[in-house]
Each structure stands twice: as C-alpha cells, then as structure tokens.
Amino acid sequence: MSDIIDKKGKLWRQKEVLQKLKGQVWRKQTGRLCPKKYYNVPKTVQIDITHNCNLKCAFCYNDSRFGKFRELSDDAMCALAKETVGLEVFKVTLSGGEIFLRKRLLFRLLEIFGKSRTIVTLLTNGTLLDAKTINELLRYKNCIGGIQISIDGYDPDVHDKLRGRKGAWELSLKAAKHLVDAGFDVALAYVITPENHKNFEEYVKLAFLLNIRTIRSGFVLPLGRGTRPKAQFSKSEYLPIRRNVADVIAKYSSMINITNSPEIEFYHQFLLLEPISGMLILPNGDVKTGCIHPNIFGNVATGGVRMMWDKIKDLHNDREYVKYFVSLGQKCEPVLGIKDDTKQI
C-alpha cells in the first residue's frame, strides 16, 4: 500500500491512518456522535441523475456515455428527492454523467431541496454552464453548498485531449470564474494522469488566481475507462510523482485547501470502521453503498429510498459483508491504478 497524503502534504502510512481513524470513531461513539450499530436514516445521498455525458474522458471511472442506462423519469427522480427531504437527509450530491444535460430535471430537484434544510452539492464538467444558466442557479443559492467543476490541468490542449473535446478547458474555466464571481463556493476536481502531472503546481496557482480555495485531486481510479493501461502510471513512475504531489500540497497548504484521494483498498478498509452513512442511487434507480463499490443491493423503483436504506444500513455488522470487503482490500495489493512494469526473470 502507498502512503496517504494529508492536507498539509505530509505522508502517512495507511495502517497508521486507519488506526487513528479507528480511535476517532470510538471517541465519537463514546460521545454519542456516531451510532455503534447503524444510522436510522442516511446522512448523505448521492444521486446520479444521468449517465449521459457530452464529453468522453479517457479515464472516466463511471464509463459515462449516451444510452448506457434506461434512466428514471423526471417525475420518478423528483419523487426520490421528496422522499429524501422527508427523511431529513443532511446532504445530497447531484452528479452524473453531466447533470446539465438534464437541466430541466436539475432545476426541479433544486426547487424541492431549496424548500428544505438539505445541502446540495453539484458535480459538473462546467461546459454547459453559460451565463443564463448561472443566473438561474442563483435562485437556489440558499441550498447549494458547493459546485465542483472538473478541470484536468493547466494546459488547455492536454485537458481537451483527456476530456475528448476541443475547447472544453476554456468552457470549464469560464464557468468556474463566473460561478466564483456569482458568489458560489467552487471546488476544482483534478485527476492526475501521465499527461498532466508535470503542471500540478501551475494548476494550483491558476486556481488561486481564480479565487478558488479548494482542489480535490486524485490518481486515476482503476474502474470503467480508467482500467486502460494508458490511463495508469507504472510503478517506477508512480511513487516519485506521488511525492511531488505531496510537496506541492505542502507548499501551498496555507493558501489553498488541496486534498488527494487515497487508493481504493484504503476506502474498502476505512468503510468498515463505522456504520454506513450514505448511499448512491444510479440513473436507473439501482442502489449501491458508494461509487467505487461493485455491489447493487436493489432498486428504489421497487421500494423507495427508505426501504433500500433499511436493507443496507446494517451491513457494517454483517460478517459476510465485512469478510467480502476485507478480501477486496487484499485484492488491491499491490496498489490498484498502477500497471506493473517490473520484468519477470
């Protein structure tokens, strides 16, 4: 397993981090800030409102593309939103695909969440966010806690090649600037690839100049189109690049909040430390415990959000589930997302 990079750029051994997190969970449970068995309702719900996308990113873990799913209707999605509000879910993330391809649905959902205390985060590539759409979003500023825009690098040509569309970088950057000017809390998502890693520091400087104070970085997930060999680093490349990422985070940690996602095997083990707190609803209604998990536990169309939550909320205490996730973590060694370039003798 590789090390974890914290927000100050310091590297920690994964076992050490897991031990610290275990202690934190125990203290939260002792102080009754976290249940020992399960949450009665989900704290967070992520809804992929579409699998369609106007880009074709070379590393998309979701393999987003037109026609992959038969998606729930607008009315069915709105019914889910109303049930989520009724359950008093604290935070909802609306994602895709590209969410603004279902713009009419998106604004109907924001109308529902805007009348509640639910905090909404939007994940988008930003290419469809023109001035008119941003002005429409201002009506729902009270419930939009943040908007994340995917921009993969300082170099427009590299970004456009990775995202499969010429001019995408300029559109996404313009959207980010307009959103900041409109007063929204904007974060940038940056996927570190063999093509763009050298300009990470310039990327951080660009974000700072745009008055963006959050960058969520991470290496390519070995899922979907991210399993292609060209999307991954070799072992000999990966460790020094990871060290460079840590150095950049350390250098700018006092100016901008930069996070770097750990690898999948860490998540599989981390999620066993405390009760499941959230769920993911796919565009066709299928339910998973998270975007990196392979298991589908049912479909909201057959029972709604509450019934699906009752089905998955206690998995943390299920021995077979725990055993399965431990095996997933073990299967991830050596590190997923890295191709093995060591030669056999």
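These numbers were taken from a predicted model, which means no experiment stands behind them.

(A) View of the overall build of the chain. Across its full length, the chain holds eleven helices and 13 strands. The buried share of the chain, reckoned over its 345 residues, is 51%. Per element, the accessible surface of the chain, about 17100 Å² overall, is 53% carbon and sulfur. If the 54 positive side-chain charges of the chain are averaged to one point and the 37 negative ones to another, these points end up 3 Å apart.

(B) Just the sheet that holds strand β6 (residues 144-150), in detail. Read from one edge of the open sheet, nine strands run β10-β8-β7-β6-β5-β4-β3-β11-β12, paired in mixed fashion. Looking at which strands have only one partner, the edges of the open sheet turn out to be β10 (257-260) and β12 (287-288). Of the pairings in the sheet, the one linking strand β3 (residues 44-48) to strand β4 (residues 91-95) comprises five bridges and is parallel in character. In the sheet register, Gln 46 faces β4, and the bridge partner there is Thr 93. The sheet strands contacting helix α6 (residues 168-181) are β6 and β7 (186-192), and the helix crosses β6 at an angle near 160 degrees.

(C) Expanded view of the nonpolar core. Within the largest apolar cluster, 78 residues are counted, with the highest numbers of intra-cluster contacts made by Leu 94, Leu 110, Leu 122 and Leu 137. Discounting residues that sit within four places of it in the chain, Leu 122 has contacts with Leu 94, Ile 99, Leu 106, Leu 110, Leu 137, Ile 144, Gly 146, Ile 147 and Gln 148. Judged by nonpolar contacts, the second largest core, of eleven residues, contains Cys 57, Phe 59, Val 158 and Val 191.

(D) Representation of the packing of aromatic side chains in the model. If you walk through the whole model with that rule in mind, you get five aromatic pairs. Among the aromatic residues, ring-to-ring pairing joins Tyr 190, Phe 200 and Tyr 203 into one connected group. Between Lys 141 and the ring centre of Phe 184, over which it is positioned, the NZ or CZ distance is 5.8 Å.

(E) A look at the pattern of salt bridges. Under the definition given, this model contains 14 salt bridges. Residue Glu 274 is joined to Lys 28 by a salt bridge in which the shortest nitrogen-to-oxygen separation is 3.6 Å. With Glu 274 in the loop between α9 (264-270) and β11 (278-281) and Lys 28 in helix α1 (residues 14-30), this residue pair connects regions lying 246 residues apart in the sequence. Residue Arg 243 pairs with Asp 247 through a salt bridge whose shortest N-O separation is 3.1 Å. Placement of both Arg 243 and Asp 247 in helix α8 (residues 235-252) is noted, with a separation of four residues, approximately one turn of the helix. Given a relative accessible area of 39%, Arg 243 falls into the partly exposed group. Beyond isolated ion pairs, a larger network of salt bridges with shared partners links Asp 63, Arg 65 and Arg 225.

Analysis parameters
Numbers given to residues run from 1 along each chain, matching the order in which its sequence is written. Restriction of local features to residues with pLDDT of at least 70 applies here, the model being predicted, together with a cutoff of 80 or more for giving and counting side-chain atom pairs; totals for whole chains, interfaces and linings are based on all residues. Derived side-chain values reflect all non-hydrogen atoms in the structure, with water molecules and hydrogen atoms excluded from consideration. A helix here means a DSSP run of H or I that spans at least four residues, while a strand means a run of E at least two residues long, and both kinds are numbered starting from the N terminus. Throughout, exposure labels follow a simple rule: accessible area from a 1.4 Å probe, protein chains only, divided by the maximum for the residue type, with under 20% read as buried, over 50% as exposed, and the rest as partly exposed. For every accessible area listed, the method is Shrake-Rupley and the probe measures 1.4 Å; residues are considered covered only by the protein chains on display. The charged-residue count follows a simple rule in which Lys and Arg add positive charge and Asp and Glu add negative charge, with His and chain termini not counted at all. In this description, the location of a charge corresponds to atom NZ of lysine, CZ of arginine, CG of aspartate or CD of glutamate. At least two DSSP bridges between two strands are required for those strands to pair. In this description, contact between two residues means that some pair of their heavy atoms is separated by no more than 4.5 Å. A fitted line through C-alpha atoms serves as each axis, taken over the contacting stretch for helices, and the angle formed by two N-to-C directions is quoted from 0 to 180°. Among buried residues, the Ala, Val, Leu, Ile, Met, Phe, Trp, Tyr and Cys ones that are joined through side-chain atoms within 4.5 Å form a nonpolar core. Each Phe, Tyr or Trp ring (for Trp, its six-membered ring) is paired with any other whose centre lies within 6.5 Å, and the angle between the two planes then decides the class: stacked below 30 degrees, edge-to-face above 60, tilted in between. Charge over a ring is defined by NZ of Lys or CZ of Arg lying within 6 Å of the ring centre and within 35 degrees of the ring normal. One speaks of a salt bridge when a side-chain nitrogen belonging to Lys or Arg is within 4 Å of a carboxyl oxygen belonging to Asp or Glu.

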